[in-house]
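Report on the structure
Each chain is listed here by its residues.
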2 protein chains.
Amino acid sequence: MADDTYYMKQALMEAQKAAEEGEVPVGAVVVCRDRIIARAHNLTETLTDVTAHAEMQAITAAANALGGKYLNDCTLYVTVEPCVMCAGAIAWAQTRRLVFGAGDEKRGYQKYAPNALHPKTEVVKGVLVDECTRLMKDFFRSKR
Amino acid sequence: MADDTYYMKQALMEAQKAAEEGEVPVGAVVVCRDRIIARAHNLTETLTDVTAHAEMQAITAAANALGGKYLNDCTLYVTVEPCVMCAGAIAWAQTRRLVFGAGDEKRGYQKYAPNALHPKTEVVKGVLVDECTRLMKDFFRSKR
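All values reported here derive from a predicted model rather than from experimental measurement.

Along helix α3 (residues 84-92) of chain A, eight of the nine residues are buried, which leaves the element largely enclosed by surrounding structure. Among the residues making up α3 of chain A, those that are buried are Val84, Met85, Cys86, Ala87, Gly88, Ala89, Ile90 and Ala91 of chain A. The secondary structure elements touched by the buried residues of α3 of chain A are α2 (54-66), β3 (74-80), β4 (97-102) and α4 (109-112) of chain A together with α3 (54-66) and α4 (84-92) of chain B.

Below is the structure:
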């Protein structure tokens, strides 16, 4: 059985793709019963769409794969703490578990909407936090 | 020059379409310099996608119409107070004005994320509140 570190590595591979496309490097995967059912990375610049965060696309793709709206048997892995928008979507989807890597003090949901998640959603923080943070820092440093 | 009531009526027409499709009746339009550049209604059931709220689709469509991510010259009209997810999207889009009809005590952003919006976004509440509320009440009554 694969563990949180394994799936976060998969999310990091998605984030790396985003970086290579000039996007803020955030990646996500959705796992249902030990199978990855959706992979996505941030595409806000490519799609000219502020809603195209990795998590939003992963939720849409996972629902599509499952044929149902709810992810109550799924874990969403994302390299960076979700923003308010994504936390709201994670709540609507009744996601069973949320696992994220780096925190986001500026835009993360914990600051602006600490109760935004569904009360039953289990949250795990800091998985591969160094790798997730480094990818973000390298990206923003290269943009300066 | 059309006013907020006129544009909210257009959003109500979208909400009515949602009701006819068996969707929770929420409608939205985006107006830029006195022109409607996007119309949308809730499609969560039809698309099997919790992210398919009227506002999310309206923001995506408006950005597409403008060829740019930001709505800082636009007003988003929506028949019901946005949820946390949609408020987050409205913030990312740097929407200049948000006008909504009915409040939503259970799911509205004001309760869970009162600071979710961009600080520069002007908010107007209660436009055609009776019509917007009635559409929601009638819908949920018919579902019982």
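Here we come to the pairing of strand β4 (residues 97-102) of chain B. Residue and element names in this part refer to chain B. Counting buried residues in β4 gives six out of six residues, a clear majority hidden from the surface. Note that strand β3 (residues 74-80) and β4 share five bridges and pair parallel. Note that in β4 the partner of Thr75 across the bridge is Arg97. Each parallel crossover has a hand, and the one from β3 via α4 to β4 is right-handed. As paired strands, β4 and strand β5 (residues 122-125) are joined by four bridges and run parallel to one another. When the sheet's bridge partners are listed, Arg97 is paired in β5 with Glu122.

Turning our attention to the interface of chain B and chain A. Tallying the contact residues gives 27 residues for chain B and 27 residues for chain A. Considering only the side of chain B, the residues that lose the most area to chain A are Val50, Lys69 and Trp92 of chain B, jointly responsible for 33% of the buried surface there. For the interface between chain B and chain A, the tally reads two salt bridges. Across the salt bridge formed by Glu45 of chain A and Lys69 of chain B, the nearest N and O atoms sit 2.6 Å from each other. Counting the contacts that link chain B with chain A gives six residue pairs in polar contact (both at pLDDT 80 or more). Counting residues per element, the ones that place at least two in the side of chain B that touches chain A are α2 (44-47), α3 and α4 of chain B.

You can overlay chain B on chain A at an RMSD of 0.0 Å; the transform is a turn of 180 degrees with a shift of 0.0 Å along its axis. Taken together, the turn and the small shift mark the pair as related by a two-fold rotation axis. Among all C-alpha atoms of chain B, that of Met85 of chain B lies closest to the rotation axis, at 1.9 Å. Taken as a fraction of all interface residues of chain B, those also at the interface in chain A reach 100%, which identifies the copy contact as same-surface.

Moving on to the pattern of salt bridges. Summed over all chains, the structure comprises twelve salt bridges over all chains. The residue Arg141 of chain A makes a salt bridge to Asp138 of chain A at a minimum N-O spacing of 3.3 Å. Of this pair, Arg141 of chain A and Asp138 of chain A are both found in helix α5 (residues 129-143), three residues apart, which corresponds to roughly one turn of the helix. In this structure Asp138 of chain A comes out as partly exposed when scored by relative accessible area, which is 38%. Ionic pairing is found between Glu14 of chain B and Lys17 of chain B, a salt bridge with its closest N-O pair at 2.9 Å. With Glu14 of chain B and Lys17 of chain B both in helix α1 (residues 4-20) and three residues apart, the pair spans about one turn of that helix. Within this structure, Asp4, Arg97 and Glu122 of chain A form a network of salt bridges that share partners.

Right, let's get into the nonpolar core. In this structure, Val30, Met85 and Leu98 of chain A together with Val30, Met85 and Leu98 of chain B are the most contacted members of the largest nonpolar core, which totals 66 residues. Non-local contacts of Leu98 of chain B, meaning those with residues more than four positions away in its chain, are made with Leu76, Val78, Pro82, Ile90, Tyr109, Leu117, Thr121, Glu122, Val123 and Val124 of chain B.

Another aspect to go through is the sheet that holds strand β5 (residues 122-125) of chain A. Each strand in a sheet pairs with its neighbour through backbone hydrogen bonds, running either in the same direction (parallel) or in the opposite one (antiparallel). Residue and element names in this part refer to chain A. An order of β2-β1-β3-β4-β5 is seen for the five strands of this open sheet, with the pairing classed as mixed. Both outer strands of the open sheet, β2 (35-41) and β5, are each paired with one neighbouring strand and no more. Sheet twist, expressed as the mean angle between neighbouring strand axes with direction ignored, is 15 degrees. Running at roughly 60 degrees to β4, α5 makes contact with β3 and β4 of the sheet.

Attention now moves to the pairing of β2 of chain A. Residues and elements named next belong to chain A. Two elements, strand β1 (residues 27-32) and β2, share six bridges in a ladder whose sense is antiparallel. In the strand pairing of β2, Val30 is matched with Ala38. Counted between consecutive antiparallel strands, the loop separating β1 from β2 contains two residues, among which Arg33 sits at a positive phi close to 45 degrees.

On to the UniProt feature "domain: CMP/dCMP-type deaminase" (unreviewed entry) in chain A. Here the UniProt-annotated "domain: CMP/dCMP-type deaminase" (unreviewed entry) positions come out as residues 2-120 of chain A. Each end of residues 2-120 of chain A is marked by a C-alpha atom, and these two atoms are 23 Å apart; helix forms 36% of the span and strand 22%.

A few words on the packing of helix α1 (residues 4-20) of chain A against α5 of chain A. Residues and elements named next belong to chain A. Axis separation between α1 and α5 bottoms out at 10 Å; the angle between their running directions is 5 degrees. With respect to α5, the element α1 is oriented roughly parallel. Facing α1, whose interface residues are Met8, Leu12, Ala15, Gln16 and Ala19, α5 presents Glu131, Cys132, Leu135 and Phe139. Across the contact of α1 with α5, the residue classes break down as seven nonpolar, one polar and one charged.

The rules behind each value
Residues numbered from 1 in each chain as written. Chains lettered and ligands numbered in written order. Predicted model: local features only at pLDDT ≥ 70, side-chain atom pairs only at ≥ 80, totals over all residues. Heavy atoms only, no water. Buried < 20%, exposed > 50% of the residue type's maximum accessible area, 1.4 Å probe, protein only. Helix = DSSP H or I, 4+ residues; strand = E, 2+ residues; numbered from the N terminus. Contact = heavy atoms within 4.5 Å. Pairing = 2+ DSSP bridges. Right-handed = clockwise from strand over helix to strand, strands pointing away. Buried area = accessible area lost by both parts, 1.4 Å probe. Salt bridge = Lys/Arg side-chain N within 4 Å of Asp/Glu carboxyl O. Polar contact = N/O pair within 3.5 Å; in protein donor to acceptor, adjacent residues only side chain to side chain. Least-squares fit on C-alpha atoms with pLDDT ≥ 70 in both. Core = buried A, V, L, I, M, F, W, Y, C linked by side-chain atoms within 4.5 Å. Axes fitted to C-alpha atoms, helices over the stretch in contact; angles between N-to-C directions. UniProt positions renumbered as here; feature names shortened; annotations may be inferred. Parallel < 35°, antiparallel > 145°, perpendicular 65-115°, else oblique. Nonpolar A, V, L, I, M, F, W, Y, C, P; charged D, E, K, R; others polar.

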